[in-house]
Amino acid sequence: MRTLIFAVLIILVSHCQLLAQQTCSSYSYKQQELLNDPSLRNELSTIENFIQQKIASRAANFAGRPQGGNVIIKIPVVVHILYNQPGENISDEKVYSQLRVLNENFRRLNADTVNTPTAFKAIAADCEIEFQLAISDPQRRNTTGIIRKYTPVRIWNADDKMKFSAETGSDAWDAKNYLNIWVCNMGRAAGYSSFPGGPAAKDGIVIAFNVFGINTKAGYEM
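Draft legend 1. Broad picture of the packing of aromatic side chains. Taken as a whole, this structure holds 3 aromatic pairs when the rule is applied. Taking the centre distance of 4.9 Å and the plane angle of 75° together, the rings of Phe106 and Phe131 count as edge-to-face. Residue Phe106 is located in helix 4 (residues 92–106), and its partner Phe131 is located in strand 3 (residues 129–133); the two are separated by 25 residues in the primary sequence. Each of the two residues, Phe106 as well as Phe131, counts as buried.

Draft legend 2. Main features of the nonpolar core. Ranked by internal contacts, the top residues of the largest apolar core, which has 37 residues, are Val95, Phe131, Met162 and Met186. Within the residue set of this core, elements represented by two or more residues are helix 2 (26–36), helix 3 (40–63), strand 2 (73–83), helix 4, strand 3, strand 5 (179–184), strand 6 (189–193) and strand 7 (205–208). The residues touching Val95, leaving out its near neighbours within four places in the chain, are Val79, Ile81, Ile90, Leu133, Ile146 and Phe212.

Draft legend 3. Main features of the pattern of salt bridges. This model, assessed by the stated rule, comprises 7 salt bridges. Arg107 serves as the salt-bridge partner of Glu130, at 2.5 Å between the closest nitrogen and oxygen. Residue Glu130 is found in strand 3, and its partner Arg107 is found in the loop between helix 4 and helix 5 (118–121); the two are separated by 23 residues along the sequence. We classify Arg107 as buried; its relative accessible area is 17%. A salt bridge links Asp160 to Lys202; its shortest N-O distance comes to 3.8 Å. Taken together, the residues Asp160 in the loop between strand 4 (146–150) and strand 5 and Lys202 in the loop between strand 6 and strand 7 connect sequence positions 42 residues apart. Taking the relative accessible area as the measure of exposure, Asp160 reaches 1% and is therefore buried.

Thresholds, definitions, all that
- Residues numbered from 1 in each chain as written.
- Predicted model: local features only at pLDDT ≥ 70, side-chain atom pairs only at ≥ 80, totals over all residues.
- Heavy atoms only, no water.
- Phe/Tyr/Trp six-rings, centres within 6.5 Å; stacked < 30°, edge-to-face > 60°.
- Helix = DSSP H or I, 4+ residues; strand = E, 2+ residues; numbered from the N terminus.
- Buried < 20%, exposed > 50% of the residue type's maximum accessible area, 1.4 Å probe, protein only.
- Core = buried A, V, L, I, M, F, W, Y, C linked by side-chain atoms within 4.5 Å.
- Contact = heavy atoms within 4.5 Å.
- Salt bridge = Lys/Arg side-chain N within 4 Å of Asp/Glu carboxyl O.

In structure tokens, the structure reads:
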């Protein structure tokens with residue numbers, strides 16, 4: 001689950017233009033985490049080596065593999081909506097729209113695939129990964145996969161406090177079984193992501209409420 005975080009971030013955040021008003025904070029966040037815990041560099045290196053080995057070992061198999069007929073990997077998602085003002089408590093429809101766009105991109109079903117640069121057309125592919133709202137929580141109880149929680153915090157920083165109930169945020173669900181997404185007021189930031197190798201309790205993506213889901217905000221309407 002955790003090795004997918006950067007891939008997901010590309011779809012959720014980096015498609016947004018880095019406008020002067022709002023920017024992605026993932027790079028600064030990563031540098032601060034490495035500064036706080038230098039041992040994370042070794043973890044990142046181990047994960048990167050593992051990924052490269054997997055890519056090399058499976059390259060031959062994928063080269064002659066027919067398209068289609070494979071099992072789609074489905075990833076349970078839990079969306080933690082933290083709001084201080086009513087307008088920050090985004091609708092279920094917004095959440096559905098974001099997952100729909102996410103899946104269209106990972107399955108290569110989005111309309112703008114016709115604009116794929118020539119250099120990438122030969123390798124552009126359906127990733128055979130889909131994201132769906134969780135239907136059961138860690139205690140096996142029914143859930144919609146959407147958590148709504150009022151918070152006295154007006155604006156959050158890229159410091160992970162929104163990921164903990166003790167900080168008036170919302171605790172992550174088991175990162176081995178769920179992709180956690182926090183939606184909240186990030187002020188001038190569009191969002192940020194954790195990175196592979198980091199603490200499980202912080203694993204996930206944080207997105208500003210006003211750029212999450214399909215909307216008409218200039219630069220974020222895709």
